[in-house]
Amino acid sequence: MTVAHVTGAARGIGRAIALRLAQDGHNVALSDLPSMSAELEATRQEAQAHGVRSVALHGDVSDLASVRALVADTAERLGSLDVMVANAGIAQTKALLDVSPQEYDRVHAVNGRGVFLCYTEAARQMIAQGSGGKIIGAASIAGHKGFALLGVYSSSKFAVRALTQAAAQEWAPHGITVNAYCPGIVDTAMWVEIDRDLGAINGVDTGESMREMAAGITLGRVSTGDDVAKLVSFLAGPDSDYMTGQSVLVDGGMLFV
Ligand SMILES: NC(=O)C1=CN([C@@H]2O[C@H](COP(=O)(O)OP(=O)(O)OC[C@H]3O[C@@H](n4cnc5c(N)ncnc54)[C@H](O)[C@@H]3O)[C@@H](O)[C@H]2O)C=CC1
Ligand SMILES: CC(=O)C(C)=O
């Protein structure tokens, strides 16, 4: 049985991925910030109901010591690390002229450095194990197009795509594939926050910004976490063995690139 680690697994897309990977038969290590421990434990219990082993771990993906411990604990408690899903991320909805250098750094610390640390620490473990692996990161449609009022967030997601391409080339000799998923508008707590902040900036009612963005979705609805989890299930399994360095849109047809 393979072992998958999912960061940011307490809620939203990470939770959906955790449950789908458990359903697929992976043993799962699920991690999130300590402040999310109740939600994380609920996800872990749901995952375990699929008949796999599961552990809940706490850590901050922006911190090297923390990510090292997450990887080491996964291998120690579940026997190996075969799939890393670097899902944790934060949003920021602000005009560029209003973003302080500290605010810029925080977004990149979680979304950029966090993915870098999860990718590299997972790769070190997989290389030591000697049996390859699958590394998967959270990018976004905002990693394909810079969105107004989401400029710093968008730049952090472009970074994920670049890291994914470079890592794929560097670690192919070790049998490790590296790919990213690029959701569009997913109905999670993150989008509730973005909708609220866009509404405040543009002076429109709650829900209006999401409705406006959703109007551009070819398939006519916003995404669920499960829509994204289906793609991650494929990327984590053997059917994607001949795929690496890709950042795959799963956006209902918002961007055509
Ligand atoms: N919701 C959306 O429309 C889209 C989301 N994404 C990306 O998908 C990923 C998941 O997004 P959602 O589930 O919507 O977000 P969310 O805000 O609902 O969940 C994110 C999870 O990550 C955790 N987290 C945040 N900072 C962390 C840190 N420093 N260390 C460890 N965990 C941390 C949070 O506690 C939370 O449980 C993110 O990377 C996001 O940027 C990409 C495209 C669209
Ligand atoms: C949260 C996110 O990535 C977008 C584009 O909405």
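Residues numbered from 1 in each chain as written. Chains lettered and ligands numbered in written order. Predicted model: local features only at pLDDT ≥ 70, side-chain atom pairs only at ≥ 80, totals over all residues. Heavy atoms only, no water.

Q: Give a description of the site of ligand 1 that names residues and reports values.
A: Taken together, 28 residues lie near ligand 1, and Asp-32, Asn-87, Tyr-153, Val-186 and Thr-188 sit nearest. For ligand 1, an oxygen atom lies 2.6 Å from a polar atom in the side chain of Asp-32. A distance of 2.9 Å is found between an oxygen atom of ligand 1 and a side-chain nitrogen or oxygen belonging to Lys-157. Computed on the free molecule, ligand 1 has an accessible area of 830 Å², of which 96% lies beneath the protein chains in the complex. The cavity where ligand 1 resides is the largest pocket. Elements that contribute at least two residues to the shell around ligand 1 include exactly helix H1 (12-23), helix H5 (151-171) and helix H6 (189-202). (Near = heavy atom within 4 Å. Polar contact = N/O pair within 3.5 Å; in protein donor to acceptor, adjacent residues only side chain to side chain. Areas by Shrake-Rupley, 256 points an atom, 1.4 Å probe, with all protein chains shown as cover. 1 Å grid on protein atoms, 1.4 Å probe; cavity = no way out; pocket = protein on both sides within 12 Å on 5 of 7 lines; lining within 4 Å. Sits in = over half its atoms within 2 Å of the grid points. Helix = DSSP H or I, 4+ residues; strand = E, 2+ residues; numbered from the N terminus.)

Q: Provide a residue-level description of the site of ligand 2, including the pertinent values.
A: With respect to spatial proximity, the complete set of residues near ligand 2 consists of Ser-140, Ile-141, Ala-142, Tyr-153, Gly-184, Ile-185, Met-190, Trp-191 and Ile-194. In this structure, an oxygen atom belonging to ligand 2 sits 2.7 Å away from a side-chain N or O atom of Ser-140. Between ligand 2 and Trp-191 there is a distance of 2.6 Å, counted from an oxygen atom to a side-chain nitrogen or oxygen. When the free accessible area of ligand 2 is taken as 220 Å², the share hidden by the protein chains comes to 95%. A molecule is said to occupy a pocket when more than half its atoms come within 2 Å of that pocket's grid points, and by this definition ligand 2 occupies the largest pocket. Looking at the shell around ligand 2, the element that brings in the most residues is H6, giving 3 residues.

Q: Go over the sheet that holds strand S4 (residues 83-86), please, and point to the residues and values.
A: Two pairing modes exist for strands in a sheet, parallel and antiparallel, and in both the strands are linked by backbone hydrogen bonds. One open sheet holds the 7 strands; their spatial order is S3-S2-S1-S4-S5-S6-S7, and the pairing between them is parallel. The open sheet has two free edges, formed respectively by strand S3 (54-58) and strand S7 (247-250), since each of these has just one partner strand. With strand direction ignored, the average angle separating the axes of adjacent strands in the sheet is 20 degrees. As judged from the 6 bridges shared by strand S5 (residues 133-138) and strand S6 (residues 176-183), these two strands associate in the parallel manner. (Pairing = 2+ DSSP bridges. Axes fitted to C-alpha atoms, helices over the stretch in contact; angles between N-to-C directions.)

Q: Residues and numbers for the domain arrangement of the protein, please.
A: Partitioning the protein into structural domains gives domain 1 (3-184 + 224-249) and domain 2 (185-222). A straight line from the C-alpha centre of domain 1 to that of domain 2 covers 24 Å. Across the contact, 18 residues belong to domain 1 and 14 residues belong to domain 2. Between domain 1 and domain 2 lies a buried interface of about 1,200 Å² when both sides are counted; carbon and sulfur atoms form 71% of it. By the criterion of area lost to domain 2, the three top residues of domain 1 are Ala-91, Thr-93 and Leu-149, representing 36% of everything that side buries. The interface formed by domain 1 and domain 2 holds 1 salt bridge in total. One salt bridge in this structure joins Arg-221 and Asp-227, with 2.8 Å as the shortest N-O distance. Our count for the contact surface shared by domain 1 and domain 2 stands at 1 residue pair in polar contact (both at pLDDT 80 or more). The set of elements that each furnish at least two residues to the side of domain 1 that touches domain 2 consists of H1 and helix H8 (225-236). Tallying contributions element by element places H8 first for the side of domain 1 that touches domain 2, with 3 residues. Class assignment for the residues of the side of domain 1 that touches domain 2 results in 9 nonpolar, 6 polar and 3 charged. (Domains from an automatic or database assignment. Contact = heavy atoms within 4.5 Å. Buried area = accessible area lost by both parts, 1.4 Å probe. Salt bridge = Lys/Arg side-chain N within 4 Å of Asp/Glu carboxyl O. Nonpolar A, V, L, I, M, F, W, Y, C, P; charged D, E, K, R; others polar.)

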